[in-house]
Structures are given as C-alpha cells and as structure tokens.
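An overview of the molecular structure
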Amino acid sequence: MKTIKSKDEFKLAQNVIPGGVNSPVRAFKSVGGTPMFIDRGEGAYLFDIDGNRYVDFVQSWGPLIFGHCDKTIELSIMKAVTKGVSFGAPTQIETKLASLICNMFESIDKIRFVSSGTEAVMSAIRLARGYTKRDDIIKFEGCYHGHSDSLLVQAGSGATTFGTPSSPGVPSDLTKHTLLAKYNDIESVKRCFENSKDIACIIIEPIAGNMGLISADEKFLQDLRVICDENGTLLIFDEVMSGFRASLKGAQGVTCVVPDMVTFGKVIGGGMPVGAFGGKLEIMNQLSPDGPVYQAGTLSGNPVAMFAGFASLQKILDSKNLYNDFELKATSLVKGLKHAADENCIPLHVNTQGSMFGFFFNEIKVKNFDDALKSDTDMFAKFHQGMLSEGYYFACSQFETGFICSATTNEMIESCIAAAHKVMSKIK
Ligand code: HOZ
C-alpha cells in the first residue's frame, strides 16, 4: 500500500495546522501511522490521494446514512447552491425540516437549528439552566457532548483517546457546576442529587458512541426519568450520534423514556455542518426572541445544509427496510469480528445498535467508562493498522463508534471478516 503522498501532505499540514488536523482524533496518534488524506468518497468507499481504496466504516463519523456522494442529497445541495449559499434570513426549507423532525418525535414541539453538535448541546444546556433557573448539571463519565467548557469534563471521544478527558483552559469556576455520575449506575446519580438542590438538567447519550459504543439500560433511563421528575430537573438526550442511526428515531425508537429536550448533529444535515436542539413547548418558548435565553448564529439554518438534511431525512423515511438491513449487516460484521478474535484467543467484546457498532479489546462486558478504559488500546492500534492495510477503515480510536451505510454490501462485510481473521492471526 503506497502512502507517500499522504505522508508528505501530513508534514505540510503540520506546519500550519496544530497536529496537522482540524479535529484531534483524525491525526491517528492513538493508532499510529499517518492519516490518509482523502481524495474522494463513493458509496461505502473512500479513496485517498495515493490511490488506495477503503471500505469506510466511519462515514464521516455517522451522518452519511446513504454513503458518500448519494445522488439525491448531491442534487439537493447543487440546487440549493444555485440560489445562494447563505442569507442569514429565514427560508422555507428551515420550516420544512423542522416540521419533519417535530412530527417524528413526541419529545420535540419546537426545534432550533445551529451549525454543529457542540453548539446544539451548549445551547440546550443554557436553555435548561435558564428555564429551571438553576446552575448545576449532571453528565456521565465517558459521554461526549462536544467541546464546550461545561461539558469537557471526563469527556469521551478525542478527549479520552488522548488521555485528557478534562481539558486545561476550562475554568474550575465553571466545571464546579458539572456533577459527574457513572453511566448505567443510578446510585451515582442519586448521590449528585444528595449533594445539590440546584440541578438544572441531566444530559446523557442514551446510546453512548464516544467511549466506544455502549447503550444505557432501559431501567437506568427509566430511573433517570423518575429522578428528574421528582426534582424538577430536565432530562436531555444527546442524540448527536444516535439520532437516525440507532433506529429511525435514534435512541427514542429503542427506549420508552421520553426526554424533555433532545440534541442532534451532523446526521440531520446529511453530512453538512448542522446541529439542532428541540424540546417541549414551554421550554423552547424561553428561547430568544420569544423568551429571555439568548442564542444566535449567522449560519444557523443555513439553506444548503437544510436542503441536504431535508433530502436525507426524506430519503430515510421513503426507504423500506433500511434499519432492518442496517441491523443485520452490523450484527453479522461484529459476529464475524468476534469469531475471528475467538479463533485467535484475543479477548473482544462487541456491541451493535441499529447501524452503529463497536468492539472493545476487553475481557469484560463493557457497561461504563471504567470498563471501556480497561480495553487493550495497543491491540486496537495493531488491529486498526492491519485492517487499514487490507483496505478497511475503522474509526481511528478505541473510543469511537463504527457505522454501516446503505451502500455497505454483504460481500464487503464477508471480505472484511476474512481480512480480520488474517490480521488477528498476525497480531495475537
Ligand atoms: N468527536 C468526533 C466523533 N465522535 C470526531 C470528529 C472528527 O474528528 O471529525
């Protein structure tokens, strides 16, 4: 496999961009080697500038439900571009996309669009604080809700990948309002409520995708709902990763628990930069200009992103059997990986949820952040490198999630499993 062009480009990038990347995990630091520089994507494939082709199990970290260069989404973007790329003024497509989402979710009466998941969550937290007139929030160790100050405490994703789950540069005056609890452990949540009478919200990834893939137990989510109701605290589901991925309705299609607010990200922009937060009427009405809680953005509801998002969600709704097919493929992939690991006496624990999958080089069933941290990250790195040289691109961190897209075929999965057998027999 030739990598010379990517290596040269990475050197150039490092001169002018910190770490050579615009988001840390992409630097491949935790898996070794040089990140491939991408030339183009096509369906389930990625092509790098050295001409290598990979089956892409990252899909831009989730949003590309239909793979790269989906014609319907492409066309909607091109049509939008010919009318103008940004207005900073209302357009009809914002209302259309908002209506589509509000009609789908019991938890969402109104929704506001922003430009990223980080922005969505940051704004949702401010609104929860403004609505409840309280300052403290509860988050879970290993959940990642973007890189805003209050939430970069024991965070997953890149923060964990690089061993700094809590970042310098975040004032302790701010993080003292962020109370930490353990995922899937209601006692730890109760302790937070014993220590504070000022809790505005609990925010959770109900299907955590940023400490590897770990789902919250149904009973745990139900208990969170009860404890929130008893204390006048809002329950926020962060579905930036799981929305339209874990099922049509994300985690909300899997659990019977209804949150007070929901955050979304890149998936609802079909891969364009979008985020959104929505919730019950009396909460959303507190948002400026109807209410006093301020939040704004020139690129919020950007028309090109809105058209892409609408085309993508409409295509999802029009597709038959999409999530069934995702589930079958994700399950057969992780079963195959598990089998390859077992044959080579490598401990591996696997999870799936709809089109999302995760695997931990770990002896134990992974239920929370502490368990995830016990994974063998050196083994993960060797596996990642081996699979890359076989033409399979998995997320470049043990603490991220994999994705199937509609262009992922059974043949790709079978050949990926065959490659995993080969790689595991070498790295065991
Ligand atoms: N934190 C992102 C995924 N959960 C990674 C984003 C990126 O590097 O693009």
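Everything that follows concerns the structure shown earlier in this document.
Along every chain, residues carry numbers that run from 1 in the direction the sequence is written. Per-residue local features are limited, in this predicted model, to residues with pLDDT of at least 70; the limit for side-chain atom pairs, both in listing and counting, is 80 or more; totals at the level of whole chains, interfaces and linings are taken over all residues. Remark: hydrogens and water are excluded; side-chain values derive from all non-hydrogen atoms of the structure.

To continue, consider the site of the ligand. We define proximity as follows: a residue is near a molecule or strand when any one of its heavy atoms falls within 4 Å of that partner. The ligand sits among Ser23, Arg26, Trp61, Tyr144, Ser157, Asn210 and Glu400. Asn210 has a polar side-chain atom sitting 2.8 Å from a nitrogen atom of the ligand. The contact in question runs from a nitrogen atom of the ligand to an N or O atom on the side chain of Glu400, over 2.8 Å. Every accessible area reported is derived by Shrake-Rupley at a probe size of 1.4 Å, with residue values counting cover from the shown protein chains alone. For the ligand, whose free accessible area comes to 290 Å², the fraction covered by protein is 88%. Residue polarity follows a fixed list, in which Ala, Val, Leu, Ile, Met, Phe, Trp, Tyr, Cys and Pro are nonpolar, Asp, Glu, Lys and Arg are charged, and the others, Gly among them, are polar. For the shell around the ligand, the class distribution of residues is 2 nonpolar, 3 polar and 2 charged. Any pair of N or O atoms that falls within 3.5 Å is considered a polar contact. Within protein, one atom must be able to donate a hydrogen and the other to accept it, and sequence-neighbouring residues count only if both atoms are side-chain atoms.

Attention now goes to the sheet that holds strand S1 (residues 38-42). If you trace the 4 strands from one edge of the open sheet to the other, you get S1-S2-S3-S15, paired in mixed fashion. Both edges of this open sheet fall to S1 and strand S15 (392-393), since each of them pairs with a single strand only. Strand pairing is defined by DSSP finding a minimum of two bridges between the two strands. What counts as a helix is a DSSP run of H or I of at least four residues, what counts as a strand is a run of E of at least two, and both are numbered from the N terminus. Sheet analysis places strand S2 (residues 45-48) next to strand S3 (residues 53-56), joined by 3 bridges and oriented antiparallel. In the strand pairing of S3, Leu46 is matched with Tyr54.

Looking now at the pattern of salt bridges. One side-chain nitrogen of Lys or Arg within 4 Å of one carboxyl oxygen of Asp or Glu is enough to make a salt bridge. Enumeration according to the criterion identifies 15 salt bridges in this entry. Of the charged contacts, one joins Glu141 and Lys182 as a salt bridge, the two residues approaching to 3.3 Å between their closest N and O atoms. Of the two residues, Glu141 sits in the loop between strand S5 (136-140) and helix H5 (158-161) while Lys182 sits in the loop between strand S6 (178-181) and helix H7 (186-195), which places them 41 residues apart along the sequence. With a relative accessible area of 16%, Glu141 lands in the buried category. With its nearest N and O atoms 2.7 Å apart, the salt bridge here joins Asp229 to Arg225. Placement of both Asp229 and Arg225 in helix H8 (residues 218-231) is noted, with a separation of 4 residues, approximately one turn of the helix. A single network of salt bridges, built from pairs that share partners, joins Arg225, Asp229, Asp260 and Lys280. For each residue, the accessible area found with a 1.4 Å probe, counting protein chains only, is set against the maximum for its type, and the residue is called buried under 20%, exposed over 50%, and partly exposed in between.

Here helix H11 (residues 322-343) is 22 residues long and its end C-alpha atoms lie 32 Å apart, about the 32 Å a rise of 1.5 Å per residue gives. Working rule for contacts: check all heavy atoms of both residues, and any pair within 4.5 Å makes them a contact. Close packing links the buried residues of H11 with helix H10 (303-318), strand S13 (349-353), strand S14 (356-360), helix H13 (377-389) and helix H14 (410-427). Expected helix span is computed as 1.5 Å times (number of residues minus one).

The next thing to look at is unusual backbone geometry. Cis geometry is adopted by the peptide bond preceding Pro289, which originates at Ser288 and carries an omega value of 10 degrees. As for its placement among the helices and strands, Pro289 is situated in the loop between helix H9 (281-284) and H10. For Ser60, which is not glycine, the phi torsion reads 55 degrees and is therefore positive. Position of Ser60 among the secondary structure elements: in the loop between S3 and helix H2 (71-83). Positive phi, close to 55 degrees, is recorded for Cys69, a residue that is not glycine. Note that Cys69 resides in the loop between S3 and H2.

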